[in-house]
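Here is how the chains run, residue by residue.
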Amino acid sequence: MRQGFAIDLLGQLQAVAAGVTIELESALEARRVTAAGERLGLTPRVAIRVNPDFDLKGAGMRMGGGAQQFGVDAEQVPALLADLAGRGLDVLGFHIFAGSQNLRSDQICETQRRTVELALRLAPGLRDGIRYLNLGGGFGIPYFDRDQPLDLAPIGENLGRLLTEQIRPALGSAKVAIELGRYLAGDAGLYVTRIVDRKVSRGKTFLVVDGGLHHQLAASGNFGQVIRRNFPVALAHRVDAEPAETASVVGCLCTPLDLLADEAALPAAQVGDLVVVFLAGAYGLTASPTAFLGHPAPPEILL
Ligand SMILES: Cc1ncc(COP(=O)(O)O)c(C=O)c1O
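As the structure is a prediction and not an experimental result, all values here were calculated from the model.

In terms of regular secondary structure, the chain is built from 7 helices and 14 strands. Principal-axis analysis of the C-alpha atoms places the extent of the chain at approximately 70 × 55 × 35 Å. Counting across all 303 residues of the chain, residues that qualify as buried make up 43%. For the chain, the computed accessible surface area is about 16400 Å², with 56% contributed by carbon and sulfur atoms.

Structure below.
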């Protein structure tokens, strides 16, 4: 009875594993996945993450083009595919992710065109052709004052054209994906922290809060910004009130880097008020050094 259950469970695990596509970052990963497949008695479904031979112009964070820790350089992919042939992997296609946080739809369209072009160039190396193509993401969100929201319409049109004119004729019913992070999650999250002190130092007003960069590294600018700029902030309960003062919102850590808003225009704030940081749903708590100074982790509440 027990043995039957174990066999059943193994069968289910294998079924689950067989439905998963693993995106490989290197030749060594390919060898590891091959070995895991042999151990489990299945043929892993994989795609190769390709470091393209171009980058996403205007991206806040470049993750492709030039020398990168991500993926396999485009020019090395044919040799890798030749090496993997007959090695017990089902290579479905490619994942090409060039960069993140771009607000220029023309540049995203250009990257997607070049991504498809590159994938079609690499396609002959795949025994069964491309059955899966991940075009990456890069869709930015307007964090800062002068940022304009991304115009999705030209991106949709461009993707439609790429699908009908290039992808479907060359790749038939291949599964095509885009992979978005902050565009989906960013404005779904608010970070709320309480003012515990208010002080004026040589003419500059500081609102000290009970949170800080250990909860919201990105808003402090230390997750990576060329020039530090403020995320949108407001006082809860006075979101619509006119600004009455210029104040810097600082966290409770022992570093001047712990700055959530620098000289922000806010309604007059008092101890006990709540400061809200918007666009905190992506690269928020999980991208922050929560253990720094040993403060308790903040609750995350799903509404
Ligand atoms: C492979 C991959 N896909 C998608 C994303 C999400 O990027 P974004 O938040 O810019 O949409 C990332 C972010 O680092 C990534 O590394």
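Once that is clear, we can look at the pattern of salt bridges. Tallied over the entire structure, the rule returns 12 salt bridges. Taking the shortest distance from any N to any O, the salt bridge between Arg104 and Asp106 comes out at 2.6 Å. The class of Arg104 is partly exposed, set by a relative accessible area of 44%. Judged by relative accessible area, Asp106 falls into the partly exposed class, the value being 41%.

At a minimum axis separation of 9 Å, helix α4 (residues 105-122) and helix α5 (residues 152-171) run at an interaxial angle of 10°. By the angle between their axes, α4 is roughly parallel relative to α5. Residues Ser105, Ile108, Cys109, Gln112, Arg113, Val116 and Leu120 of α4 lie in contact with α5, whose contacting residues are Pro154, Ile155, Asn158, Leu159, Leu162, Gln166, Ile167, Ala170 and Leu171. In terms of residue class, the contact of α4 with α5 is made up of 11 nonpolar, 4 polar and 1 charged.

The next subject is the domain arrangement of the chain. One can read the domain layout of the chain as domain 1 (2-180) and domain 2 (187-294). For domain 1 versus domain 2, the separation of C-alpha centres amounts to 36 Å. Taken together, the contact pairs 6 residues of domain 1 with 7 residues of domain 2. Summed over both sides, the interface between domain 1 and domain 2 buries roughly 660 Å², with carbon and sulfur atoms accounting for 65% of that surface. Between domain 1 and domain 2 we count 0 salt bridges in total. Taken together, the links from domain 1 to domain 2 amount to 0 residue pairs in polar contact (both at pLDDT 80 or more). Looking at side-chain class alone, the side of domain 1 that touches domain 2 contains 5 nonpolar, no polar and 1 charged residues.

Among the secondary structure elements, Gly211 is positioned in the loop between β10 (204-209) and α7 (217-220). Counting along the chain gives 64 residues from Gly211 to Val275, while the straight-line C-alpha distance between them is 9.9 Å.

Our next topic: the sheet that holds strand β12 (residues 245-250). Taken in spatial order, the 6 strands make up an open sheet running β11-β14-β9-β10-β12-β13, and their pairing is mixed. In this open sheet, the two strands that pair with only one neighbour each are β11 (233-235) and β13 (259-266). Averaged over all pairs of adjacent strands, the angle between strand axes in this sheet comes to 35°, irrespective of strand direction. Where β11 and strand β14 (residues 274-277) come together, 3 bridges link them in antiparallel fashion. When the bridges of β14 are listed, Val233 appears paired with Val277.

If you look at the biggest cluster of nonpolar residues, it comprises 36 residues, and the most contacted ones within it are Ile48, Val50, Leu89, Val91, Phe94 and Ile130. Elements supplying a minimum of two residues to this core: α2 (27-40), β2 (45-51), α3 (77-84), β5 (90-96), α4 and α5. At 6 residues, the largest contribution of residues to this core is made by α4. Among residues more than four places away in sequence, those in contact with Ile48 are Leu24, Val72, Leu80, Leu81, Leu84, Val91, Gly93, Phe94 and His95. Core analysis: the next-biggest nonpolar cluster, separate from the first, contains 23 residues, Tyr143, Tyr191, Leu207 and Ala247 among them.

Here we take up the environment of Glu23. By the element assignment, Glu23 lies in strand β1 (residues 21-24). Its relative accessible area of 22% is what places Glu23 among the partly exposed residues. When the C-alpha positions of Glu23 and Asp90 are compared, they lie 12 Å apart, and in sequence the two are 67 residues distant. Not counting residues within four places of it along the chain, the set of residues in contact with Glu23 comprises Glu29, Ala47, His95, Tyr132, Asn134 and Glu179.

In the vicinity of the ligand lie 11 residues, with Ser100, Glu179, Gly181, Arg182 and Tyr283 positioned nearest. Separating a nitrogen atom of the ligand from a side-chain N or O atom of Glu179 is a distance of 2.4 Å. Measuring from an oxygen atom of the ligand, one finds a backbone N or O atom of Arg182 at 2.9 Å. The protein chains hide 80% of the 390 Å² of surface that the ligand would expose on its own. Of the residues contributing to the shell around the ligand, the split by class is 4 nonpolar, 4 polar and 3 charged.

Below, the discussion takes up α5. Its 20 residues give α5 an end-to-end C-alpha distance of only 25 Å, which falls more than 12% under 28 Å, the value for a rise of 1.5 Å per residue. Taken residue by residue, α5 has Ile155, Asn158, Leu159, Leu162, Ile167 and Leu171 as its buried positions. Close packing links the buried residues of α5 with α4, β7 (132-134) and β8 (175-177). With a side-chain oxygen lying 3.3 Å from the backbone nitrogen of Ala153, the N-terminal cap of α5 falls on Asp151.

What counts and how
- Residues numbered from 1 in each chain as written.
- Predicted model: local features only at pLDDT ≥ 70, side-chain atom pairs only at ≥ 80, totals over all residues.
- Heavy atoms only, no water.
- Helix = DSSP H or I, 4+ residues; strand = E, 2+ residues; numbered from the N terminus.
- Buried < 20%, exposed > 50% of the residue type's maximum accessible area, 1.4 Å probe, protein only.
- Areas by Shrake-Rupley, 256 points an atom, 1.4 Å probe, with all protein chains shown as cover.
- Salt bridge = Lys/Arg side-chain N within 4 Å of Asp/Glu carboxyl O.
- Axes fitted to C-alpha atoms, helices over the stretch in contact; angles between N-to-C directions.
- Parallel < 35°, antiparallel > 145°, perpendicular 65-115°, else oblique.
- Contact = heavy atoms within 4.5 Å.
- Nonpolar A, V, L, I, M, F, W, Y, C, P; charged D, E, K, R; others polar.
- Domains from an automatic or database assignment.
- Buried area = accessible area lost by both parts, 1.4 Å probe.
- Polar contact = N/O pair within 3.5 Å; in protein donor to acceptor, adjacent residues only side chain to side chain.
- Pairing = 2+ DSSP bridges.
- Core = buried A, V, L, I, M, F, W, Y, C linked by side-chain atoms within 4.5 Å.
- Near = heavy atom within 4 Å.
- Expected span 1.5 Å × (residues − 1).

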